[in-house]
Amino acid sequence: MLEHDVIIVGGGLAGCRAAVEIARTDPTLKIAVIAKTHPIRSHSVAAQGGIAATLKNVDATDTWEAHAFDTVKGSDYLADQDAVEILAREAPDVVIDLEHMGVLFSRLSDGRIAQRAFGGHSHNRTCYAADKTGHAILHELVNNLRRYGVCIYDEWYVMRLIVEDGEAKGVVMYRILDGHLEVVRAKAVMFATGGYGRAYNTTSNDYASTGDGLAMTALAGLPLEDMEFVQFHPTGLYPVGVLISEAVRGEGAYLINALGDRFMANYAPSRMELAPRDITSRAIAREISAGRGIHPDGSAGGAFVYLDLRHMGKEKIMSRIPFCWEEAHRLVGIDAVHQPMPVRPTIHYSMGGIPTDTNGRVRSGEGFIERFFAAGESACVSVHGANRLGSNSLLECVVYGRRTGKAIAQFVQNRKLPVVDEQPYIQAAKEQMQQLIAQNGKYRIAQIRQTFQDCMTKYCGVFRTEELMQEGLTQLEQIQQQYQEIYLDDKGDCWNTELVEALELRSLLVVGQIIMTSALHRQESRGAHCREDYSQRDDENFLKHTMAYYSPAGIDIQYRPVNISMFEPKERKY
Ligand SMILES: Cc1cc2nc3c(=O)[nH]c(=O)nc-3n(C[C@H](O)[C@H](O)[C@H](O)COP(=O)(O)OP(=O)(O)OC[C@H]3O[C@@H](n4cnc5c(N)ncnc54)[C@H](O)[C@@H]3O)c2cc1C
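Note that this is a predicted model, so its numbers are computed, not measured.

1. Overview of the overall build of the protein chain
Looking only at helices and strands, the protein chain has 15 helices and 22 strands in total. Expected size for 574 residues packed as a compact globule is a radius of gyration near 25 Å; at 23 Å, the protein chain falls within 12% of this value. C-alpha atoms of the protein chain, sized along the principal axes, occupy 65 × 55 × 50 Å. Classification of the 574 residues of the protein chain by burial places 62% in the buried group. Within the protein chain, counting contacts between residues at least 6 apart in sequence, those at least 24 apart form 74% of the total. Carbon together with sulfur atoms contributes 47% to the accessible area of the protein chain, which is approximately 20,900 Å² in total. Each charge class in the protein chain can be summarised by its mean position, and for the 60 positive and 72 negative side chains these summaries are 3 Å apart.

Following this line, the structure appears as structure tokens:
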């Protein structure tokens, strides 16, 4: 059995920032970061547009209170306001700290960090490194891990969270290289495993965003919070779904329908293209379903709208958003200097996740589960409520990664390693693997995954109804049956990515069922959760967080109150 003082599952921004903080607080601690990819290939590396902080370099009238208000309003008042206050107050400090670590932010002509406009933010407060912000930050953090001597287990797949007697004691993990299984125990376990974009058929997320950490938490009997809130980003490149950053609209691009109109004037006249993502995504979906979408030949009635940058000019496009230009050029052959880009909403972000307090401690029932922490996209602290604002997620990863790291470093002082008998866990993992390899089923993984993704997209997409979701849940049950009959071609131990995909698919199925069940129970429309059969927000009955407890017999839905310490809920208009 392996042992560390702290194990962090996830090498993205949240996991790496926490590891740096633990090492800074107590350099004697043995810290391990475990990741199924190499850390610098975590999805964080793909973040484009930037990170919000009221540095006031461009707009001297900005305040942390304004940032907090924009975030709460963007969340449709479901965010916990104590957590939002911390996010907005600590933002300038964490960004300056990143700069001191060596992150190469884009600059103003006087040398200070540049800041751009972003959807739902009332001031220009998003700091950026061109449109490769995640790349700039993650590389520097991973460099720092090496400097601090953090042990990195890269390309190990964590398959189970060990919880006994209300305590998280460690994990079971699988070395992808050769199929070797290990139990690792630790004084504290942190999950920073990112999102689940692959639960849907069109997503901006990478192939590794399969919600493993969420599924492992749920399978250990712990709750997941607000899982019905799934963010659709308005501008996924059609047809591939990869992201065209909101920075493109932040820098001035227009959304245009088949009639040539800037249709956002009808949905959010004061913010136009820079309305929050839920509103903009629904506007695009409505334009398309009303026949004002565009076909590849330019005629009306198609499945996308245009994102038009042409008026911005070549120099601005190439200096501020070169990567977005490159993506459209490489993937669909569009030269955005001269042609509009075809876009439509794409699954982007998970507002819900593992419930934590503002120090990253994981909630369960009325209290907390001992030794277990979470941060980043896999956690729900909840700063995004029902809808996240762009550039607040990288911020959440570093603010709450840092806080959680600090809390863990203090928590493990004078604590012993937990007692774990590794044998039953290794045995169970072996049996699970052997069964997958030996079974002589009739379905391929890709086939079931596609059916599942289509089911989530069709029955729990931008617009939802009870009828749709009931049907979706029935189909999910059938898909879960089919999963019992999958067939793997690769029976070996060496780099068996097919086996890993089978485990990832299991995670997706668990997460999908929780998303759909949570969505069915929320009989109102709020933020990204839009019910056609309950079209209004209902504060009287649903100004509360969903807590979903998974069991093979079914999902139990409970609720938790929202912290409202600064801003009373109001109607949300832009
Ligand atoms: C294309 C794109 C652009 C974005 N742009 C922005 C932006 O400009 N601004 C912004 O604020 N937000 C942006 N976001 C959102 C933001 O990037 C993410 O929410 C954030 O980076 C998530 O970081 P994380 O550390 O929580 O997880 P991730 O970076 O997703 O990392 C997850 C880690 O967990 C590991 N892992 C997962 N499962 C397992 C397992 N079973 N075993 C072992 N390891 C595991 C992975 O290997 C990985 O290391 C963007 C997202 C996308 C997809």
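2. Considerations on the site of the ligand
Within the structure, the ligand sits among 39 residues, and Ser42, His43, Ser44, Glu377 and Ser393 are positioned closest to it. Residue Asp212 places a side-chain N or O atom 3.0 Å away from a nitrogen atom belonging to the ligand. About the coverage of the ligand: the protein hides 98% of its 1,000 Å² of free accessible area. Of the residues belonging to the shell around the ligand, the class tally is 16 nonpolar, 19 polar and four charged.

3. Remarks on the sheet that holds strand β11 (residues 230-237)
A sheet is described by the order of its strands in space; here four strands give the open sequence β11-β14-β13-β12, paired in antiparallel fashion. The open sheet is flanked by β11 and β12 (254-256), the only strands paired with a single partner. In this sheet, adjacent strand axes meet at a mean angle of 45° when their direction is disregarded. In the sheet, strand β13 (residues 305-308) pairs with strand β14 (residues 341-350) via three bridges, with the strands oriented antiparallel. From the neighbouring strand, Val305 faces β14, where its bridge partner is Val343.

4. Observations concerning the packing of helix α1 (residues 13-25) against helix α4 (residues 133-147)
The interhelical angle for the contact between α1 and α4, taken along N-to-C directions, is 35°, at an axis separation of 9 Å. Between α1 and α4 lies a crossing whose hand is left-handed. Packed against α1, whose contacting residues are Leu13, Cys16, Arg17, Ala19 and Val20, the element α4 presents Ile137, Leu138, Leu141, Val142, Asn144 and Leu145 at the interface. Here the residues of the contact of α1 with α4 are counted per class, giving nine nonpolar, one polar and one charged.

5. Concerning the pairing of strand β16 (residues 361-364)
Bridge count between β16 and strand β17 (residues 367-374): three bridges; the pairing is antiparallel. Paired with Arg361 across the bridge in β17 is Phe373. Taken together, β16 and the strand that follows it, β17, pair antiparallel across an intervening segment of two residues, in which Gly365 is found at a positive phi of about 55°.

6. Thoughts on the domain arrangement of the protein chain
Assigned domains of the protein chain: these are domain 1 (2-229 + 351-411), domain 2 (235-347) and domain 3 (424-536). Counting from both sides, the interface comprises four residues of domain 2 and, opposite them, five residues of domain 3. Together domain 2 and domain 3 conceal approximately 420 Å² of surface at their shared face, both sides included; 70% is due to carbon and sulfur atoms. The three residues of domain 2 that bury the most area against domain 3 are Asp278, Arg282 and Arg286, which together make up 75% of that side's buried surface. Viewed at the interface, domain 3 and domain 2 are joined by zero salt bridges. For the pair domain 2 and domain 3, the number of links is one residue pair in polar contact (both at pLDDT 80 or more). Looking at the side of domain 2 that touches domain 3 residue by residue, the class counts come to one nonpolar, no polar and three charged.

7. Here we look at the nonpolar core
Ranked by size, the top nonpolar core spans 86 residues in total, and within it Val171, Phe191 and Phe372 carry the most contacts. If you tally residues by element for this core, the top one is helix α14 (residues 497-521), at 14 residues. Counting contributing residues per domain, this core is built from domain 1 (2-229 + 351-411) and domain 3 (424-536), each supplying no fewer than three. Apart from residues lying up to four places away in sequence, Val171 is in contact with Ile7, Val9, Ile34, Val158, Arg160, Leu161, Ile162, Glu182, Val183, Val184, Val189 and Phe191.

8. Some details on the environment of Lys132
Residue position: Lys132 is located in the loop between β5 (126-127) and α4. On the accessibility criterion, Lys132 (38% relative accessible area) is partly exposed. Contact partners of Lys132, with chain neighbours within four places excluded, come to Ala47, Gln48 and Phe323.

9. What about α1?
Its 13 residues give α1 an end-to-end C-alpha distance of 18 Å, which sits within 8% of 18 Å, the value for a rise of 1.5 Å per residue. Burial analysis of α1 places eleven of its 13 residues in the buried class, the great majority of the element. Those residues of α1 not exposed but buried are Leu13, Ala14, Gly15, Cys16, Arg17, Ala18, Ala19, Val20, Glu21, Ile22 and Ala23. On its buried side, α1 packs onto β1 (2-9), β2 (31-35), α3 (81-101), α4, β9 (181-191) and α10 (393-411).

10. Here's the deal with the UniProt feature "domain: FAD-dependent oxidoreductase 2 FAD-binding" (unreviewed entry) in the protein chain
Within this numbering scheme, the UniProt entry marks residues 5-394 as carrying the feature "domain: FAD-dependent oxidoreductase 2 FAD-binding" (unreviewed entry). From the first C-alpha to the last, residues 5-394 spans 26 Å; its make-up is 28% helix and 24% strand.

11. Considering the packing of aromatic side chains
All chains considered together, the criterion is met by nine aromatic pairs. On the basis of an interplanar angle of 90° and a centroid distance of 5.8 Å, the ring pair of Tyr153 and Trp156 is categorised as edge-to-face. Assessed through its relative accessible area of 13%, Tyr153 is described here as buried. Their ring planes at 75° and their centres at 6.3 Å tell us that Tyr200 and Phe232 sit as a pair that is edge-to-face. Of this pair, Tyr200 sits in the loop between β9 and α5 (212-219) while Phe232 sits in strand β11, and the two are 32 residues apart along the sequence. As far as the burial class goes, Tyr200 and Phe232 line up, both buried. Site record: aromatic cluster; members linked through ring pairs are Tyr238, Phe304 and Tyr306.

The rules we used
Residues numbered from 1 in each chain as written. Predicted model: local features only at pLDDT ≥ 70, side-chain atom pairs only at ≥ 80, totals over all residues. Heavy atoms only, no water. Helix = DSSP H or I, 4+ residues; strand = E, 2+ residues; numbered from the N terminus. Rg over C-alpha atoms; globule rule 2.2 N^0.38 Å. Buried < 20%, exposed > 50% of the residue type's maximum accessible area, 1.4 Å probe, protein only. Contact = heavy atoms within 4.5 Å. Areas by Shrake-Rupley, 256 points an atom, 1.4 Å probe, with all protein chains shown as cover. Lys, Arg positive; Asp, Glu negative; His and termini not counted. Charge placed at Lys NZ, Arg CZ, Asp CG, Glu CD. Near = heavy atom within 4 Å. Polar contact = N/O pair within 3.5 Å; in protein donor to acceptor, adjacent residues only side chain to side chain. Nonpolar A, V, L, I, M, F, W, Y, C, P; charged D, E, K, R; others polar. Pairing = 2+ DSSP bridges. Axes fitted to C-alpha atoms, helices over the stretch in contact; angles between N-to-C directions. Left-handed = near helix turned anticlockwise from the far one by under 90°. Domains from an automatic or database assignment. Buried area = accessible area lost by both parts, 1.4 Å probe. Salt bridge = Lys/Arg side-chain N within 4 Å of Asp/Glu carboxyl O. Core = buried A, V, L, I, M, F, W, Y, C linked by side-chain atoms within 4.5 Å. Expected span 1.5 Å × (residues − 1). UniProt positions renumbered as here; feature names shortened; annotations may be inferred. Phe/Tyr/Trp six-rings, centres within 6.5 Å; stacked < 30°, edge-to-face > 60°.

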